[in-house]
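Report on the structure
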Amino acid sequence: MNFSKRSFVFAEEQYFSIDDILATNERIPCKFEVDVHKLGFLDPSSGSQDLAKGTKLEMPLWMAQALHSRRLITMDIPRVYREAYREILNADATVVDLHKMGPYFYHLGLYLLRFAHQDSEEICQMLNQTFRNRFRQLMDTSQNSLEEDATVLTANLDRTEVALFNLGHKSLLDLKNWQNRKSQKILTADLVMNHKKRKRAIMDNSS
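Residues numbered from 1 in each chain as written. Predicted model: local features only at pLDDT ≥ 70, side-chain atom pairs only at ≥ 80, totals over all residues. Heavy atoms only, no water.

1. Remarks on the packing of aromatic side chains
Note the following rule: Each Phe, Tyr or Trp ring, with Trp reduced to its six-membered ring, pairs with another whose centre is within 6.5 Å; inter-plane angles below 30 degrees give stacked pairs, above 60 give edge-to-face pairs, and intermediate values give tilted ones. In DSSP terms, a helix is any run of H or I states spanning at least four residues, a strand is any run of E spanning at least two, and both are numbered starting from the N terminus. Burial here depends on accessible area, computed with a 1.4 Å probe over protein chains only, as a share of the maximum for the residue type. Under 20% is buried, over 50% is exposed, and the range in between is partly exposed.
Applying the stated criterion to the full structure yields 4 aromatic pairs. Ring geometry for Y81 versus F105: centroids 5.0 Å apart, planes at 10°, classification stacked. Residue Y81 is found in the loop between β3 (73-75) and α4 (83-92), and its partner F105 is found in helix α6 (residues 105-112); the two are separated by 24 residues along the sequence. Judged by relative accessible area, F105 falls into the buried class, the value being 1%. The structure contains a cluster of three or more aromatic residues connected by ring pairs, namely Y81, F105, Y106, F131 and F135.

Below, the structure is given as structure tokens:
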């Protein structure tokens, strides 16, 4: 998997994906660039019906996208994608609890690449490097853990990594079942079985 600034297209195409819905519900730091009437309810700390220019709020990504497209707000990147966290991931991504940083870390990161930001290139590189650094360990674990609790092994993974782990785990299990002859056996087709029954009935009737 190779992330790029255009990779968000693939995320947006998953209209009926529960993971996509949950990822776009993640909150993004935003700042209103104009006075907005009748949206005061978005700020629980404000008693006004309106939002004043300069108001800073965290809003779900899907809402932020709509307001950003109308140039009502500017969007900032969540803290887990900022320089301090990028340095931690670049140092050794394999020891990081990515689930705590965000269960949809990669998915949300791809959406963020859609918006012009001075750190977009660095975020793109970080997503690629983090995935590459963690992928080998992820696959090794999925291929050597049939006797272990998968929920424990995947506790520090984001949802994309969990899906890959489950895929590797299932592939290994299927291979083991095949090697032990536990996979589906070749059975006589129903058509052949029915033909044999009819032939036997004819022979019984003729005798």
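After presenting the structure, the write-up continues.
2. What about the confidence of the model for the chain?
What counts is decided by this rule: Every residue gets a pLDDT, meaning the predictor's confidence in that residue, from 0 to 100. Any pair of residues with heavy atoms lying within 4.5 Å of one another is described as a contacting pair.
Taken over all residues, the pLDDT of the chain has a mean of 84, while the share at 70 or more is 81%. For the stretch residues 5-12, pLDDT sits under 50, and the model shows 15 contacts to residues farther than four places along the chain or on other chains.

3. Considerations on the environment of E26
Position of E26 among the secondary structure elements: in the loop between α2 (18-23) and β1 (27-32). As a C-alpha pair, E26 and W62 span 36 residues in sequence and 8.5 Å in three-dimensional space. Filtering out sequence-adjacent residues up to four positions away, E26 remains in contact with M59, P60, L61, P103, Y104 and L108.

4. As for the environment of T24
Spelled out, the test is: Pairing of N or O atoms within 3.5 Å defines a polar contact, subject to two protein rules: one partner must be a possible hydrogen donor and the other a possible acceptor, and residues neighboring in sequence count only if both atoms are side-chain atoms.
Considering the arrangement of structural elements, one finds T24 in the loop between α2 and β1. Residue classification places T24 among the buried positions, given a relative accessible area of 11%. The spatial distance from the C-alpha of T24 to the C-alpha of A64 is 9.6 Å, given a sequence separation of 40 residues. Polar side-chain contacts of T24 include one of 3.0 Å to the backbone oxygen of I21.

5. Here's the deal with the layout of surface pockets
Here is the rule: In this analysis a 1.4 Å probe is tested at points of a 1 Å grid over the protein atoms alone, and where it fits but cannot get out there is a cavity; an open set with protein on both sides within 12 Å along at least five of seven lines is a pocket; lining residues have an atom within 4 Å of a point. Grid points are joined across faces, edges and corners, and a volume is the space filled by probe spheres set on the points. Residue type decides the class: Asp, Glu, Lys and Arg count as charged, Ala, Val, Leu, Ile, Met, Phe, Trp, Tyr, Cys and Pro as nonpolar, and the leftover types, Gly among them, as polar.
By volume, the second largest pocket amounts to about 220 Å³. Lining the second largest pocket are 15 residues, and of these E26, R27, P78, V80 and M101 lie nearest its centre. Those elements that provide at least two residues to the lining of the second largest pocket are β1 and α6. Its residues placed into classes, the lining of the second largest pocket shows 9 nonpolar, 1 polar and 5 charged.

6. Points about the sheet that holds strand β2 (residues 56-60)
Which entries qualify depends on this criterion: When DSSP locates at least two bridges between a pair of strands, those strands are taken to pair. Axis definition: a line fitted to C-alpha atoms, over the contacting stretch in the case of helices. Angles run 0 to 180 degrees between N-to-C directions.
With antiparallel pairing, 3 strands are arranged side by side in an open sheet as β2-β1-β3. Strands at the two margins of the open sheet, each flanked by one partner only, are β2 and β3. In this sheet, adjacent strand axes meet at a mean angle of 40° when their direction is disregarded. Strand direction decides the pairing type here: β1 and β3, joined by 3 bridges, are antiparallel. The residue bridging C30 from the neighbouring strand is M75, located in β3.

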